[in-house]
Amino acid sequence: VGTLGVENFDLIKSYLTTLASKKKLDKHLLIGDLNFPEVRWPDSSTTVELHQKFLELFMNELDHTQLINLPTHKNGNILDLLFTNVPDLVSEIIVLDKDKACASDHFAIQFNLKLDVSLKKTVRRKVFDYSKADWKSINFELKKVDWDNIVGNQDPHISWPKFKTILTDTCDKYIPKKSMKYQFQPPWFDTDCDKILKDKEKWRARANSESGTEEDHEMFRKSRTKFKKAMDEKMRLNVVDETDPSLISKKFWKYVKSKSK
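Residues numbered from 1 in each chain as written. Predicted model: local features only at pLDDT ≥ 70, side-chain atom pairs only at ≥ 80, totals over all residues. Heavy atoms only, no water.

A. Region of interest: the layout of surface pockets. In this structure, the second largest pocket spans a volume of roughly 240 Å³. Taken together, Asp99, Lys100, Ala101, Cys102, Ala103, Arg204, Ala207, Asn208, His217, Phe220, Arg221 and Arg224 form the lining of the second largest pocket. Elements with a contribution of two residues or more to the lining of the second largest pocket: α6 (191–208) and α7 (214–239). Of the residues assigned to the lining of the second largest pocket, the class counts are five nonpolar, two polar and five charged. (1 Å grid on protein atoms, 1.4 Å probe; cavity = no way out; pocket = protein on both sides within 12 Å on 5 of 7 lines; lining within 4 Å. Points joined across faces, edges and corners; volume = space filled by probe spheres on them. Helix = DSSP H or I, 4+ residues; strand = E, 2+ residues; numbered from the N terminus. Nonpolar A, V, L, I, M, F, W, Y, C, P; charged D, E, K, R; others polar.)

B. The side chain of serine 223, seen in detail. As for its position among the elements, serine 223 is in helix α7. Not counting chain neighbours up to four residues away, the residues in contact with serine 223 comprise Ile196, Asp199, Lys200 and Trp203. (Contact = heavy atoms within 4.5 Å.)

C. Representation of unusual backbone geometry within the structure. Of note, the bond from tryptophan 41 into proline 42 is cis; its omega dihedral lies within 30 degrees of zero at 10 degrees. Along the chain, proline 42 falls in the loop between β1 (29–33) and α2 (49–61). If you check the backbone angles, glutamate 92 has positive phi at about 50 degrees while not being a glycine. Secondary-structure assignment places glutamate 92 in strand β4 (residues 90–95). The phi angle at asparagine 153 is positive, at roughly 55 degrees, despite the residue not being glycine. Residue position: asparagine 153 is located in the loop between α4 (147–151) and α5 (156–174).

D. Main features of the packing of helix α3 (residues 135–143) against α5. Two numbers describe how α3 lies on α5: the axes approach to 10 Å, and their chain directions differ by 150 degrees. With respect to α5, the element α3 is oriented roughly antiparallel. In this structure, the crossing between α3 and α5 has a hand that is right-handed. For the pair α3 and α5, contact is made by Ser137, Ile138, Glu141 and Leu142 and by Ile166, Leu167, Thr170, Lys173 and Tyr174, respectively. (Axes fitted to C-alpha atoms, helices over the stretch in contact; angles between N-to-C directions. Parallel < 35°, antiparallel > 145°, perpendicular 65-115°, else oblique. Left-handed = near helix turned anticlockwise from the far one by under 90°.)

E. The packing of aromatic side chains, seen in detail. Evaluation of the coordinates by the stated rule reveals nine aromatic pairs. With 5.5 Å between their ring centres and 50 degrees between their planes, tryptophan 147 and phenylalanine 163 make a pair best called tilted. Here tryptophan 147 is found in helix α4, whereas its partner phenylalanine 163 is found in helix α5, with 16 residues between them in sequence. A connected cluster of aromatic rings, assembled from ring pairs, spans Phe9, Phe36, Trp41, Phe54, Phe58 and Phe83. Lysine 177 extends its terminal NZ or CZ atom over the ring of phenylalanine 128, reaching a point 5.1 Å from the ring centre. Directly above the ring of tryptophan 203 sits arginine 206, whose terminal nitrogen or CZ lies 4.6 Å from the centroid. (Phe/Tyr/Trp six-rings, centres within 6.5 Å; stacked < 30°, edge-to-face > 60°. Lys NZ or Arg CZ within 6 Å of the ring centre and 35° of its normal.)

This is the structure:
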């Protein structure tokens, strides 16, 4: 926020104060690269007008405390900050060495947060099972649509809902659905992907441990690449019908391309 300009300060202030006033959000934790290079910590002093405005907002009006007092950038600046109104819940703050978490000119921040969290019961969600889709029928249905009449020469805000409704209704009709236990897993995530993921996380843990070696880091990079390739291939196999590589007719995509020029 340190580079957004004084003219944007009132908008940011209004948003943050409104958010902080909600009764359900009584514990605040704001962390990230706020880009206040001219602020001296821990005394929080600065001669920059914009920086001073934000400090008064965070520390006076919102009653926050800033907890990072060590450089978080390779140039020696403290740019990545942690503001909170519940500092007693934050402990064991550590600014990691450069590239310890990932390759960056910023240093990662590690800390413990004491919170009582009630786990929500996993809700099974329905997703399209693309591997069992009737692509030929989908193509046939979409070919029958008079796209020129529906989306031709119309404002995108009008055309998009129409296009989305037609496509969604067609998918609902010809693509069966299956239940997913985990909320963030795509429908093509299977046991093979799970095995590769666990191997990747194993090497991640080794690489980030105190005894992590360069070989561990290299194995983690390789396993990460392997996982991405596996996920990309699983997604392709769930979408592509080898008997009909075009999926949707070339004429349809030619039309879309002509309208996007």
